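Breakdown of the fold
Listed here are the chains, written in short residue letters.
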Amino acid sequence: MFVRGLKRKCFDGEEDIEGTLAGIKAIPSYNLQRQSLLDMSLVKLQLCHMLVEPNLCRSVLIANTVRQIQEEMTQDGTWQMINTQSTGQASLDRLVSTDILCRSARDQAEGKHVPAYGTFNKDFESDHAQDSSETMSTASSVQAPRNLQSNVWEMENPQENKGNFQKSLDQIFETLENKSPNSVEDLFSEVDNSYYDLDTMLTGMMSNTKMGHCDSLETFSSPTNAASNSNCKSDLNDLDHIVEILVES
Amino acid sequence: ADIISTVEFNYTGDLLATGDKGGRVVIFQREQETKSRPLSRGEYNVYSTFQSHEPEFDYLKSLEIEEKINKIRWLPQQNAAHFLLSTNDKTIKLWKISERDKRAEGYNLKDEDGRLREPCRVTELRVPTLKPMDLMVEASPRRTFANAHTYHINSISVNSDYATYLSADDLRINLWHLEVTNRSFNIVDIKPANMEELTEVITAAEFHPHHCNTFVYSSSKGTIRLCDMRSAALCDQHSKFFEEPEDPSSRSFFSEIISSISDVKFSHSGRYMMTRDYLSVKVWDLNMENRPVETYQVHEYLRSKLCSLYENDCIFDKFECCWNGSDSTIMTGSYNNFFRTFERETHRDVTLEASRESSKPRAVLKPRKVCTTGKRKKDEITVDSLDFNKKILHTAWHPMENIIAVAATNNLYLFQEKVN
């Protein structure tokens, strides 16, 4: 399972450094609420309907929500702060989730052809296959099997590919552990619109979306505005290796 | 019985079609009033049932194509037969529903049981005669409009010229001619060159009831675009753009999701259109683009529950809305099998429930109330006790009379105005 249940933190007034809801000690901070919403949204994007195409409208709306949260977090400068104050497993989970976000973004930036990890890209590819003229058909048909591959991998060889993915996950964890705490920031790449590329990659990992902390999120107030902009970079060379494994499987 | 996914009256209101998740279409017909059964007037009984769509498999994408009927639209009647369009995610079909109440007897070349007669046995010629038989209603597919949509079809709309219709998916709208199945024209395309830039999808589309060149489509960002097909072959440039400015005080991370329009319907007059978003119904004057002329809150008490509704995916439910025949009243569904009607002139609204427990046949429906404050009065229901699995997404109003059809999951309810 990729995303395990996130450990719920009990924040009361004293521990809550970020508290914007001053005086309401029982409610977790706005930032924690926002982070929970982000995590929930990422899980929703990753949940896949194995046989039926996922609802595009729903995916777009969730992706927009994710983008909105991450933009705000980047502006706040809380993007890094949240992770330095969290501990252990929970932070790793978050790191992994954002790491995978970054991986796709980084690959986009490097102009790699990441074959259709997401619903959107998949459609784009097959759309090409349908719209293309005679001369293009060979090229499209070459892409289509790769499409099929990445799309079908968890259905036809779930064990094998889960194993592969587990292997690549292990590599991610390994790399993270080897990094010094200060280079945590280096793991984040520029936040991009391509979160939903994760879709196929993380399909087959049916995670339990039961998040009990929703009640506290009901008291979401309007987002605060902060000025600073932080750019994050990714420097994991192992990403290429991992991508290769996933593509070939 | 399967979950009902669409409900639609025909132009006279005599026929009511429902489509379900299993790809079946069930058509009900209104009973004629007879002296022997005076109470039967207004009753709808099953007229025809047929399997419209079957599940398919897209081998290229390795994905199933659901057989669920997303929309049914009737064609105006032009002869004895009835025609309707039904669509699933990918394919639209034109069905002909015709009655057969006569049978030919006395064929020359075959026996009564259908066996061919030996030619040498035929010694004389006779003219076959028509004999009455039990009424048989046949549904036959006349056209199949396939392979024109990469994304899931959410709307179909018959044009007022009765010769063309549009079909809309998440990113494109196509124009068809009813007689031509191997070609359709793309009239709207909002697919970005780079799919990573996709932030908005088409949620519904409809032709204007009188102007055959005009149609509207709504988006997931809460906007409506009105397009004129005379201006360009590809209507990517809208003629009118309807959007209500956002209220900054109520902004939250869910603002965009709840602003997504799930249904758009022109009024019968063609002067107004109505849109349904998650919490409200808005009536727009086609001449005014910057804000709706009327806004009705359907279930405002859910605004404080948006996070839970996001968690359980209810926030993505697509509710439909409809006008009555005179455009004086609008109706839409809610949760807990509640549906609401709003009278536009008098500003009266009522919440009713479609369930067996709450109403006996021919009993007057009791108005329901959701308790929004702390103190719950008798017969009121608290927000926390609402059943979010019982959602009324599809409703339809008879084009001329006050008869409404309400689909509650896998049950269809028909309500009629009590006439003394």
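Residues numbered from 1 in each chain as written. Chains lettered and ligands numbered in written order. Predicted model: local features only at pLDDT ≥ 70, side-chain atom pairs only at ≥ 80, totals over all residues. Heavy atoms only, no water.

Along its length, chain B carries two helices and 31 strands. A compact globule built from 420 residues would reach a C-alpha radius of gyration of about 22 Å, and chain B, at 24 Å, matches this within 12%. Counting all 420 residues of chain B, 53% fall into the buried class. Taking contacts inside chain B between residues at least 6 apart in sequence as the whole, the part at least 24 apart equals 51%. (Helix = DSSP H or I, 4+ residues; strand = E, 2+ residues; numbered from the N terminus. Rg over C-alpha atoms; globule rule 2.2 N^0.38 Å. Buried < 20%, exposed > 50% of the residue type's maximum accessible area, 1.4 Å probe, protein only. Contact = heavy atoms within 4.5 Å.)

On to the overall build of chain A. The helix and strand inventory of chain A stands at 10 helices and zero strands. Walking chain A from its N terminus toward its C terminus, one meets helices and strands in the order α-α-α-α-α-α-α-α-α-α. Put simply, chain A has 249 residues, and 55% of those count as buried. Of all intrachain contacts in chain A linking residues separated by at least 6 positions in sequence, the fraction that spans at least 24 positions is 83%. Counting only carbon and sulfur atoms, one obtains 51% of the accessible surface of chain A, whose full area is about 11,400 Å². (Areas by Shrake-Rupley, 256 points an atom, 1.4 Å probe, with all protein chains shown as cover.)

Turning our eyes to something else, we now look at the packing of aromatic side chains. Within the structure shown, the criterion is met by 18 aromatic pairs over all chains. Summarising the aromatic geometry, the rings of Phe57 of chain B and Tyr59 of chain B are spaced 5.3 Å apart at their centres and angled 65 degrees between planes, so their arrangement reads as edge-to-face. Residue Phe57 of chain B is classed as partly exposed on the basis of its relative accessible area, which comes to 34%. Residue classification places Tyr59 of chain B among the exposed residues on the basis of a relative accessible area of 64%. For the pair Tyr296 of chain B and Phe342 of chain B, a centre-to-centre distance of 5.1 Å together with 35 degrees between the ring planes defines the contact as tilted. Residue Tyr296 of chain B is found in strand E22 (residues 294-297), and its partner Phe342 of chain B is found in strand E25 (residues 338-343); the two are separated by 46 residues along the sequence. You'll find Tyr296 of chain B and Phe342 of chain B in the same group, each marked buried. By the ring-pair criterion, three or more aromatic residues cluster together here, those being Tyr278, Phe319, Tyr335 and Phe388 of chain B. A cation over an aromatic ring shows up here: Lys44 of chain A above the ring of Tyr310 of chain B, its NZ or CZ 5.4 Å from the ring centre. Directly above the ring of Tyr107 of chain B sits Lys110 of chain B, whose terminal nitrogen or CZ lies 4.6 Å from the centroid. (Phe/Tyr/Trp six-rings, centres within 6.5 Å; stacked < 30°, edge-to-face > 60°. Lys NZ or Arg CZ within 6 Å of the ring centre and 35° of its normal.)

On to the confidence of the model for chain B. Mean pLDDT over chain B works out to 93, with 97% of the residues at or above the 70 mark. Prediction confidence for the complex, expressed as pTM and ipTM, is 0.72 and 0.92 respectively. (pLDDT = per-residue confidence, 0-100.)

On to unusual backbone geometry. Residues and elements named next belong to chain B. In this structure, Asn147 takes a positive phi of about 60 degrees despite not being glycine. The residue Asn147 is located in the loop between strand E10 (129-145) and strand E11 (155-158) in this model. The phi dihedral of Tyr162 is positive, around 55 degrees, even though this residue is not glycine. Here Tyr162 lies in the loop between E11 and strand E12 (164-168).

Residue and element names in this part refer to chain B. Within the open sheet, the four strands sit side by side as E15-E16-E17-E18. Their pairing is antiparallel. Two strands close off the open sheet at either side, each with one partner strand: strand E15 (202-207) and strand E18 (240-242). Averaged over neighbouring strand pairs, the angle between their axes works out to 20 degrees when direction is ignored. Relative to E18, strand E17 (residues 224-228) is paired through three bridges, and the arrangement is antiparallel. The partner of Arg225 across the bridge, within E18, is Phe241. (Pairing = 2+ DSSP bridges. Axes fitted to C-alpha atoms, helices over the stretch in contact; angles between N-to-C directions.)

Turning next to the pairing of strand E30 (residues 403-408) of chain B. Residue and element names in this part refer to chain B. Most of E30 is tucked away, with six of its six residues classed as buried. Alternating positions in E30 separate into two faces, Ile403, Ala405 and Ala407 on one and Ile404, Val406 and Ala408 on the other, with burial throughout. Bridging between strand E29 (residues 394-397) and E30 involves four bridges; their strand directions are antiparallel. Bridge pairing in E30 places Thr395 opposite Val406. If you look at the hairpin formed by E29 and E30, you'll find five residues sitting between the two strands. The sheet contact formed by E30 and strand E31 (residues 411-416) spans six bridges and is antiparallel.

One finds Tyr278, Leu302, Leu309, Tyr310, Ile315 and Leu386 of chain B to be the most contacted residues of the largest nonpolar core, which totals 44 residues. Among the elements of the structure, helix H1 (30-46) and helix H2 (56-76) of chain A together with helix H1 (255-259) and helix H2 (306-311) of chain B are those that each provide at least two residues to this core. Ranked by residues supplied to this core, first place goes to H2 of chain A with nine residues. When sequence neighbours within four positions are dropped, the list of residues in contact with Leu386 of chain B reads Tyr301, Asn336, Phe338, Val370 and Ile381 of chain B. (Core = buried A, V, L, I, M, F, W, Y, C linked by side-chain atoms within 4.5 Å.)

Another point: the pairing of E25 of chain B. Residue and element names in this part refer to chain B. Extensive coverage of E25 is indicated by the burial of five of its six residues. Two elements, strand E24 (residues 329-333) and E25, share five bridges in a ladder whose sense is antiparallel. Bridge assignment links Ile330 to a residue of E25, and that residue is Phe342. Counting the residues that bridge the hairpin from E24 to E25 gives four residues, and of these Asn336 lies at a positive phi of roughly 60 degrees. Strand direction decides the pairing type here: E25 and strand E26 (residues 349-353), joined by five bridges, are antiparallel. By the bridge assignment for E26, Phe342 is matched with Asp349. Hairpin connection between E25 and E26: a loop of five residues separates the two successive antiparallel strands, and His347 in this loop has a positive phi of roughly 60 degrees.

So, about the environment of Arg172 of chain B. Residue and element names in this part refer to chain B. Here Arg172 is to be found in strand E13 (residues 172-177). In this structure Arg172 comes out as buried when scored by relative accessible area, which is 11%. Along the backbone, Arg172 and Arg344 are 172 residues apart, and their C-alpha atoms lie at a distance of 33 Å. A distance of 3.1 Å separates polar atoms of two side chains, one belonging to Arg172 and the other to Asp189. (Polar contact = N/O pair within 3.5 Å; in protein donor to acceptor, adjacent residues only side chain to side chain.)

Residue and element names in this part refer to chain A. Look at H2: 30 Å from first C-alpha to last across 21 residues, which is about the 30 Å you get at 1.5 Å a residue. Within H2, 19 of the 21 residues are buried, which leaves it mostly tucked inside the rest of the structure. Where H2 starts, the residue carrying a side-chain oxygen 3.1 Å from the main-chain nitrogen of Cys57 turns out to be Asn55. Immediately beyond the C-terminal end of H2, within one or two residues, lies Gly77, with a positive phi of roughly 80 degrees. (Expected span 1.5 Å × (residues − 1).)

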